[in-house]
Amino acid sequence: MPEQKLKTSIAILGCGDVGSTLAYTLILNPVCSEVILVDPKTALLEAQVRDLSDATYRGNTGTRVRAGTHKDAGQADIVVITAGAKQKPGESRLSLLSRNLHILSSIFSAMQPISPHTILLLVANPVDILTYFARKLSGLPESQVIGTGTSLDSARLRGILATKADVSPSSIMAYVLGEHGDSQFIAWSSATIGVTPLSMALPSSTDPTFRAEIASHTRGAAGSIIAAKGCTAYGIGNMAASICKYIMYDQLTVRPLSFYQPELGCCLSMPAIIGRKGITRVMPIELDEREKRELEDCANGLRAVIEGAEKELEADQELAKALEKDKGA
Ligand SMILES: NC(=O)C1=CN([C@@H]2O[C@H](COP(=O)(O)OP(=O)(O)OC[C@H]3O[C@@H](n4cnc5c(N)ncnc54)[C@H](O)[C@@H]3O)[C@@H](O)[C@H]2O)C=CC1
Ligand SMILES: CC(=O)C(=O)O
């Protein structure tokens, strides 16, 4: 009998710097049998498929890379959305909202019908706001619509704390929570090295100046990389690939991810367990009074942005309907 191969697919919408780095990471640490790339820039798309395919021939990584349509993507096990504009040096993530919301809305029109088992992973910025709208536009259950959120900021936090404490980053348990953006905050009160509270393991970490320096590093990391090289790609490529792995292998791993918070009325990052069904459980975290206020401020800011964007999206959809009607007349 011919061997039956289990087909597992990850579609990546947008094969620019982030999408192609993610695809490369998925090939080198095989997570699925097929990577489908989708991008309206057809010459770039074909070139990325050929270049990435070349990376699969030595050592038989077992992953096939191909170009696809938005409709094909809608049937994948995971759809990663990296499609959209990126920040220019000095620009904020929120300044991308109008352009990227328009792209997101067109993506969901083109992807229908979406498989009810698909997990959506949002990467494009502003990621928390786009995750909120992806949940509405996709019609998928909210547990299946996830943003990479502050997972990358938390990795950056681990990195700098590891240097300060002279310990491996993997022994640092500390999260940046809230917005993947300027209103993010560090959950200092729950940070540990191994099982030792950070305040005991690294006493200087209780100093407000130390905390301000670390928070500024974490908040400003993307901006300084973008100023020098025009994008960030390796950090997020690795982070998004590891999230795909948790999902595909149903690893039920705890990570800070952006997902809908009913009591706050927006998507932002909190710790949760992720597996094949998406977010399977929210992990409660104890915050001190200051962190609670920071979370509240962050949610208020995100809700205000959502309100403005909701109006813009409605106008966008009315315009699309009118154009469709004109075409039919
Ligand atoms: N969440 C995070 O931690 C991070 C998010 N980002 C965000 O990821 C996004 C992508 O960044 P880059 O790859 O550097 O940008 P890029 O400009 O290199 O690539 C974006 C690609 O999206 C494509 N695209 C546009 N409309 C599309 C559509 N409807 N369907 C499919 N593809 C479409 C473009 O043609 C382009 O090739 C940006 O919004 C950036 O801010 C980047 C790094 C980290
Ligand atoms: C660009 C971006 O969002 C980041 O590297 O954090």
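Each chain has its residues counted from 1, running along the sequence as written. Chain A is the first chain written and ligand 1 is the first ligand written, with later ones labelled in order. Side-chain atom pairs in this predicted model are given and counted only at pLDDT of 80 or more, local residue features only at pLDDT of at least 70, and totals for whole chains, interfaces and linings cover all residues.

The condition is simple: UniProt positions are given in the numbering used here, feature names are shortened, and annotations may be inferred rather than shown by experiment.
The name an unreviewed UniProt entry gives the chain is L-lactate dehydrogenase, with Lojkania enalia as the organism. Check the Pathway (unreviewed entry) section of the UniProt entry for the chain; it says "Fermentation; pyruvate fermentation to lactate; (S)-lactate from pyruvate: step 1/1."

Remarks on the site of ligand 2
Where we set the bar: By convention here, the C-beta atom is placed from the backbone, and a residue is near a molecule or strand when that atom is within 6 Å of it. Three classes are used, and their members are as follows: Ala, Val, Leu, Ile, Met, Phe, Trp, Tyr, Cys and Pro are nonpolar, Asp, Glu, Lys and Arg are charged, and the others, Gly among them, are polar.
Around ligand 2 sit R93, N125, L152, A222, T232 and I236, and those are all the residues in its vicinity. The residue makeup of the shell around ligand 2, split by class, is 3 nonpolar, 2 polar and 1 charged.

Some words on unusual backbone geometry
Threshold: Elements are defined by DSSP. Helices are runs of H or I of four residues or more, strands are runs of E of two residues or more, and each kind is numbered from the N terminus. With C-beta atoms placed from the backbone, a residue is buried if 20 or more other C-beta atoms are within 10 Å of its own, exposed if 12 or fewer are, and partly exposed between those counts.
With omega at -5 degrees, the peptide bond leading from Q112 into P113 counts as cis. Residue placement: P113 occurs in the loop between α4 (97-111) and β5 (119-122). Omega for the peptide link from N125 to P126 comes to -5 degrees, which places this bond in the cis form. A positive phi angle, close to 55 degrees, is found at D166, a residue other than glycine. Inspection of the secondary structure assignment puts D166 in the loop between α6 (151-165) and β7 (172-173). Residue classification places D166 among the exposed positions, given that 7 C-beta atoms sit within 10 Å. With a phi angle near 50 degrees, L252 is a residue other than glycine that sits in the positive phi range. Examined against the element boundaries, L252 turns out to sit in the loop between α9 (234-248) and β12 (253-261).

Quick look at the site of ligand 1
Stated precisely, the cut-off is as follows: Domain limits in this description derive from either an automatic procedure or a database domain assignment.
Ligand 1 sits among 33 residues. The nearest are G14, G16, D17, V18 and A83. Mapped onto the shell around ligand 1, the elements with two or more residues apiece are α1 (17-28) and α4. No other element matches the 4 residues that α4 contributes to the shell around ligand 1. Residue classes in the shell around ligand 1 are distributed as 17 nonpolar, 12 polar and 4 charged. Here the shell around ligand 1 spans two domains, and each of domain 1 (9-147) and domain 2 (151-305) adds at least three residues to it.

Some words on the packing of α6 against α9
For clarity, the cut-off: Lines fitted to C-alpha atoms define the axes here, with helix axes fitted over just the stretch in contact, and angles between the N-to-C directions of these axes take values from 0 to 180 degrees. Under this scheme an angle from 65 to 115 degrees is roughly perpendicular, one under 35 degrees roughly parallel, and one over 145 degrees roughly antiparallel; angles in between are oblique. In this scheme, a crossing is called left-handed if the near helix is turned counterclockwise away from the far one by less than a right angle; it is called right-handed if the turn is clockwise. Contact between residues is assigned whenever the C-beta positions, reconstructed from backbone atoms, fall within 7 Å.
At their nearest, the axes of α6 and α9 sit 10 Å apart, and the two run at 115 degrees to each other. With respect to each other, α6 and α9 are oriented roughly perpendicular. Considering only the axes of α6 and α9, their crossing is right-handed. Packed against α6, whose contacting residues are S151, L152 and A155, the element α9 presents G235, I236, M239 and I243 at the interface. The class makeup of the residues in the contact of α6 with α9 is 5 nonpolar, 2 polar and no charged.

Thoughts on the domain arrangement of the chain
The domain architecture assigned to the chain consists of domain 1 (9-147) and domain 2 (151-305). On the domain 2 side, the residues contacting the 35 residues of domain 1 number 31 residues. Put simply, the parts of the chain that give the side of domain 1 that touches domain 2 at least two residues each are α1, β4 (78-81), β5, α5 (127-138) and β6 (145-147). Residue classes in the side of domain 1 that touches domain 2 are distributed as 19 nonpolar, 9 polar and 7 charged.

Brief notes about the pairing of strand β14 (residues 278-282)
Keep this limit in mind: Two strands pair if DSSP finds at least two bridges between them.
Across 4 bridges, the pairing between strand β13 (residues 266-275) and β14 is antiparallel. Considered in β14, the bridge of I274 is made with I279. Turn length for the β13-β14 hairpin, with the two strands adjacent in sequence and antiparallel, is 2 residues.

Remarks on the sheet that holds β7
Spatial strand order, β7-β10-β11: 3 strands in an open sheet with antiparallel pairing. Either end of the sheet is taken by a strand with one partner, and the two such strands are β7 and β11 (196-197). Of the pairings in the sheet, the one linking strand β10 (residues 192-193) to β11 comprises 2 bridges and is antiparallel in character. Residue pairing in the sheet places T192 in a bridge with P197 of β11.

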